[in-house]
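# Geometric and topological summary
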Amino acid sequence: MGFLASVFLPFLLAGVVAVAVAVLWRDTLPRPFFFFALSFVLVLGVHRVVQAVVEIGKFVWPGGGGYFLEYQAKPSAYEAVESQLTLEAFVVALVTAVLSYFLLVFLRNSVRQ
C-alpha cells in the first residue's frame, strides 16, 4: 500500500494549489468555483507533464539512472511509504507548483478580461 503515497501526492498538491489560488483571488474572479475546478485539472496536467519529462530523462540522459528488477522482501508500511516519497517526488511536486502558479496567473488574467 506504500505506492498510494506517491499516487496521492499529486492530488494533494493540486488540491492545495487550487484552493489557495481560488481563495486568494476570489475577489478578482467572476466564478471562483469554476476557477478552482479548472485550476485543479490544470495542476494535475502539469504534474503529469513534468513527471513524464523526468521519466523520459531517466532513460535518455546518460547517467540519469533507469530501472532494474530485483527481489525485495516485503517492507513494513512505514518503509513502503518512505520508499515512495522520495526526493524526486518532492522536486517534481515543487516544479509543478511553480509552473502551475505562472499558468494560473495567466489563466486568472484571461478569465478576468
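Right, let's walk through the structure included here.

What counts and how
- Residues numbered from 1 in each chain as written.
- Predicted model: local features only at pLDDT ≥ 70, side-chain atom pairs only at ≥ 80, totals over all residues.
- Heavy atoms only, no water.
- Phe/Tyr/Trp six-rings, centres within 6.5 Å; stacked < 30°, edge-to-face > 60°.
- Helix = DSSP H or I, 4+ residues; strand = E, 2+ residues; numbered from the N terminus.
- Buried < 20%, exposed > 50% of the residue type's maximum accessible area, 1.4 Å probe, protein only.
- Core = buried A, V, L, I, M, F, W, Y, C linked by side-chain atoms within 4.5 Å.
- Contact = heavy atoms within 4.5 Å.

## Topic: the packing of aromatic side chains
- Across all of its chains, the model carries 6 aromatic pairs by this definition.
- Relative to F36, the ring of F33 lies with its centre 6.0 Å away and its plane at 35°, an arrangement referred to as tilted. Of this pair, F33 and F36 both sit in helix α2 (residues 32-60), 3 residues apart, which is roughly one turn of the helix.
- Judged by relative accessible area, F33 falls into the exposed class, the value being 67%.
- Where Y101 meets F102, the ring centres are 5.7 Å apart and the plane angle is 70°; that geometry is what we call edge-to-face.

## Examining the nonpolar core
- Ranked by size, the top nonpolar core spans 15 residues in total, and within it V17, V21, W25, F35, V43 and L104 carry the most contacts.
- At the level of secondary structure, the elements contributing two or more residues to this core comprise α1 (3-24), α2 and α4 (87-112).
- Excluding residues that lie within four positions of it along the chain, F35 makes contacts with V21, W25, L29, L104, L107 and R108.

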